[in-house]
Amino acid sequence: MTGRTTALALAAMGFSVFPIKAGAKAPPLWDSWPMRATAIPDVQLGWPADCNVGIHCAGFIVIDADVRGGGQESLLRLDMERGWPDTLTARTPTGGSHLFYRL
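Read on for a plain summary of the structure. (Residues numbered from 1 in each chain as written. Predicted model: local features only at pLDDT ≥ 70, side-chain atom pairs only at ≥ 80, totals over all residues. Heavy atoms only, no water.)

This brings us to the pattern of salt bridges. Applying the stated criterion across every chain, the model contains one salt bridge. Salt-bridge contacts for D66 lead to R68; the nearest nitrogen and oxygen are separated by 3.7 Å. Residue classification places D66 among the partly exposed residues on the basis of a relative accessible area of 26%. Of the residues examined, R68 reaches a relative accessible area of 69% and is grouped as exposed. (Salt bridge = Lys/Arg side-chain N within 4 Å of Asp/Glu carboxyl O. Buried < 20%, exposed > 50% of the residue type's maximum accessible area, 1.4 Å probe, protein only.)

A word on the nonpolar core. In this structure, L10, F15, V17, F18, W47 and I55 are the most contacted members of the largest nonpolar core, which totals 13 residues. Looking at this core, the elements with two or more residues in it are α1 (3-12) and β1 (16-20). Ranked by residue count, the leading element in this core is β1, at three residues. Discounting residues that sit within four places of it in the chain, I55 has contacts with L10, F15, S16, V17, F18 and F100. (Core = buried A, V, L, I, M, F, W, Y, C linked by side-chain atoms within 4.5 Å. Helix = DSSP H or I, 4+ residues; strand = E, 2+ residues; numbered from the N terminus. Contact = heavy atoms within 4.5 Å.)

What follows deals with the environment of S97. Take S97: it is sitting in strand β5 (residues 97-102). For the pair S97 and Q72, spaced 25 residues apart in the sequence, the C-alpha separation amounts to 7.7 Å. Beyond its immediate chain neighbours, meaning those up to four positions away, S97 contacts I63, D64, A65, Q72, L75, T89, A90, R91 and T92. Separated by 2.9 Å, the side chains of S97 and Q72 make a polar contact. (Polar contact = N/O pair within 3.5 Å; in protein donor to acceptor, adjacent residues only side chain to side chain.)

Right, dumping it as structure tokens:
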């Protein structure tokens, strides 16, 4: 999936997105990205075909379940003990996950 395709899919779910350097977590490719992040990415003007996609998390709570810190095991334990609501989940490069919940 290209950066453009990913951006359009996330925008269709209501996320404001911005391009990030391909293969990296940073830097954003736009100056003033918090104000330029958009739920309508214009793939014709200034949206790189091959980039990573950042999500502006204003209005969301994002849980970062880091593998090194035992986050995956903690989420599994919480799910087994109390249940855990399904949500959009992104796998991180280290094997962890980010869980997105709208406030």
